[in-house]
Amino acid sequence: MTQETGKRKADHIRICLERKAQAKKATAGFEDIELVHRALPEVDREKISLSTSFLGKKFSAPLIVGAMTGGTEEATKINASIAQAVENLHLGMGVGSQRAAIEDRKLESTYVIARKKAPTAFLIANIGGVQLAHGYGLKEAKKAVEMIDADALAIHLNALQEAVQPEGQTNFKGILAQISEIAGELDKPVIVKETGCGISAEDAKALESAGVKAIDVGGVGGTSFAAVEYYRSTDGKIMGEAFWDWGIPTAVSLIETAQTVKIPVLASGGVRSGLDIAKSLALNASLAGVSQPVLEAAVKGAKETQELLSCLIDELRNAMFLVSAQNVDALSKAPLVISGKTAHWLNTRGFNIQKYAQRGAH
Ligand SMILES: Cc1cc2nc3c(=O)[nH]c(=O)nc-3n(C[C@H](O)[C@H](O)[C@H](O)COP(=O)(O)O)c2cc1C
């Protein structure tokens, strides 16, 4: 890893911790999604099952920690904390982009620590989609997976970040074909994820046709990479400010994608509570992903990380109790009402939002 890449990674962590770099005016849209309360849940809260399976692996709850880091000493500690917590709780996690270690083997340990601390948890390797237009291919994809003995490979799309970053790479031509080749050849499932701007129905369809096995919508409403780059720019340029809140809100992107493809969809970007997770599952996400709040806990330690994740799971259990959902499958059929900007967006785009409200007999 060049010194510059190392500094960029350290900057990202510091900014995401100290400045938060969250969306300002945009929201993920969960406030527009209402689950319908049941005064007579007729279920025993303690007997609710949160377990689920994703790409052939069992999870104790439908939750992963999103891709964040690797490549530096601090990243090793963060990955270790997250991995220990997800191992104890039987969840999953992504590591950050492995480009640093693909280019410099000395840095592999900063990612490998995740598999060391989480021998059985679902681990997701990570490479950048844009790298596929700049020389990366199947060889690098395999290297990333083998490095951490991953269960899946995430290819991240970050066009906004590249566009506002002074050193960004903005040739995205040919990436879909490369994704298709890797999805066809790699012996592990490929997940494509956005990093805070969302996936449209059009792109979801193209990715499904390319052979991708799951899509993580990574919508706007949480961490904003335009904000991260804004804080990074020290040369008086204010790149990033105009695009601070750019993107498709997570709830919108989730509905568009889930109504368009048959492959599993993950909800991430501004997922901040167990209730957000419950709403995501009711909107037919297979899993929800949380990143920035976990970073804050992970720098403290594994115990703090586990406490945060347990709290999210407990909130999810409460939401399931209050909508009378005995298990995750029942939650995916729970009625909900969509209003506000989210409803407006989806109506305008021609998606059916009535069907969620009409679930269940009444
Ligand atoms: C410090 C930090 C570093 C990140 N690095 C990566 C990365 O290397 N690869 C990736 O796919 N996503 C990366 N992300 C994006 C997250 O996986 C996620 O898509 C995004 O933060 C939105 O989720 P959130 O609102 O819960 O933070 C990073 C996020 C943070 C906060």
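This section reports on the structure supplied with the text. Every chain is numbered on its own, with residues counted from 1 as its sequence reads. Per-residue local features are limited, in this predicted model, to residues with pLDDT of at least 70; the limit for side-chain atom pairs, both in listing and counting, is 80 or more; totals at the level of whole chains, interfaces and linings are taken over all residues. Just so you know, side-chain values use all the structure's heavy atoms and leave hydrogens and water out.

A few words now on helix H15 (residues 340-348). Residue pairs three or four apart in sequence face the same way in an α-helix, which turns once every 3.6 residues. For H15, the full list of buried residues reads Thr342, Ala343 and Leu346. Relative to the axis of H15, the buried residues are bounded by an arc of 95 degrees and lie together on one face. Among the exposed residues of H15, those pointing more than 90 degrees away from its buried face are His344 and Thr348. Any two residues whose heavy atoms approach within 4.5 Å are treated as being in contact. Here a strand is any run of E in DSSP of at least two residues, a helix any run of H or I of at least four, and the numbering for each starts at the N terminus. Here the buried face of H15 lies against strand S1 (33-35), helix H10 (250-260) and strand S12 (336-338). Remark: exposure states derive from per-residue accessible area (1.4 Å probe, protein chains only) relative to the maximum for the residue type, with buried under 20%, exposed over 50%, and partly exposed in between. Summarising the geometry, the arc corresponds to the directions from the helix axis toward the C-beta atoms.

This part takes up the nonpolar core. Ranked by size, the top nonpolar core spans 101 residues in total, and within it Met93, Leu153, Ile155, Ile179, Leu309, Leu331 and Ile338 carry the most contacts. Among the nonpolar cores identified, the runner-up in size contains eleven residues, and Ile64, Ile124, Ala152 and Ile191 belong to it. Throughout this description, the term nonpolar core refers to a set of buried Ala, Val, Leu, Ile, Met, Phe, Trp, Tyr and Cys residues connected via side-chain atoms within 4.5 Å.

Our next topic: the side chain of Gln131. With respect to the secondary-structure elements, Gln131 resides in the loop between strand S6 (122-128) and helix H5 (138-148). Each polar contact in these results corresponds to two N or O atoms within 3.5 Å; when the atoms are within protein, one needs to be able to donate a hydrogen and the other to accept it, and residues that are neighboring in sequence are counted only if both atoms are side-chain atoms. Looking at Gln131, its side chain comes within polar contact range of the side chain of Gln169, at 3.2 Å. Dropping the residues within four chain positions of it, Gln131 is found in contact with Arg99, Tyr136 and Gln169.

On to the packing of aromatic side chains. We call Phe, Tyr and Trp rings a pair once their centres come within 6.5 Å, taking the six-membered ring for Trp, and we label the pair stacked below 30 degrees between planes, edge-to-face above 60, and tilted otherwise. The full count for this structure, using the stated rule, is seven aromatic pairs. Centroid distance Phe59 to Phe122: 5.4 Å. Interplanar angle 50 degrees. Geometry classified as tilted. Here Phe122 lies in strand S6 and Phe59 lies in strand S3 (residues 57-59), a separation of 63 residues in the sequence. In this structure Phe59 comes out as buried when scored by relative accessible area, which is 1%.

The disulfide definition used here is simple: a pair of cysteine sulfur atoms within 2.5 Å. Under the defined criterion, the tally for this structure stands at zero disulfides. Here Cys197 stays free of any disulfide, with the sulfur of Cys16 as its closest cysteine sulfur at 14 Å.

Let's shift gears to the pattern of salt bridges. Think of it this way: side chains of opposite charge can pair up when their charged atoms draw near. We define a salt bridge as a contact between a side-chain nitrogen of Lys or Arg and a carboxyl oxygen of Asp or Glu at a distance within 4 Å. Evaluated as defined, the whole model comprises 17 salt bridges. Two residues, Asp11 and Arg14, come together in a salt bridge whose shortest N-O distance is 3.4 Å. Within this pair, Asp11 and its partner Arg14 are both found in helix H1 (residues 3-18), separated by three residues, close to a single helical turn. You can call Asp11 buried: its relative accessible area is 10%. Put simply, Asp11 and Arg232 hold a salt bridge, and the shortest N to O gap is 3.5 Å. One end of the pair, Asp11, is in helix H1; the other, Arg232, is in helix H9 (residues 225-232), with 221 residues separating them in the sequence. Overlapping salt bridges bring together Lys7, Asp11, Arg14, Glu167, Glu229 and Arg232 as one network.

A few words now on the pairing of strand S8 (residues 190-194). A large share of S8 lies buried, amounting to five of its five residues. On S8, burial covers both faces: Val190, Val192 and Glu194 on one face and Ile191 and Lys193 on the other are all buried. Pairing of strand S7 (residues 152-157) with S8, which is carried by five bridges, proceeds in the parallel orientation. By the bridge assignment, His156 is partnered in S8 with Lys193. At least two DSSP bridges between two strands are required for those strands to pair. Pairing of S8 with strand S9 (residues 214-216) involves three bridges; the strand directions are parallel.

Moving on, we get to the site of the ligand. Near the ligand lie 21 residues; those nearest to it are Ala67, Ser97, Lys193, Thr223 and Arg272. In this structure, an oxygen atom belonging to the ligand sits 3.4 Å away from a side-chain N or O atom of His156. Within the side chain of Arg272, an N or O atom sits 2.8 Å from an oxygen atom of the ligand. Its free accessible area being 600 Å², the ligand has 96% of it covered by the protein chains. Those elements giving two or more residues to the shell around the ligand turn out to be S8 and helix H12 (292-298). Three categories are distinguished: nonpolar for Ala, Val, Leu, Ile, Met, Phe, Trp, Tyr, Cys and Pro, charged for Asp, Glu, Lys and Arg, and polar for the others, with Gly belonging to the last. Per-class residue counts for the shell around the ligand are six nonpolar, twelve polar and three charged. Residues are counted as near a molecule or strand when any one of their heavy atoms sits within 4 Å of it. Surface accessibility follows the Shrake-Rupley procedure with a 1.4 Å probe radius. Residue values consider only the protein chains on display as shielding.

Another point: the environment of Ala297. The topology assignment puts Ala297 in helix H12. Considered as a pair, Ala297 and Leu281 are 16 residues apart in the sequence and their alpha carbons are 24 Å apart. Residues in contact with Ala297, not counting those within four places in the same chain, are Glu304, Thr305 and Leu308.

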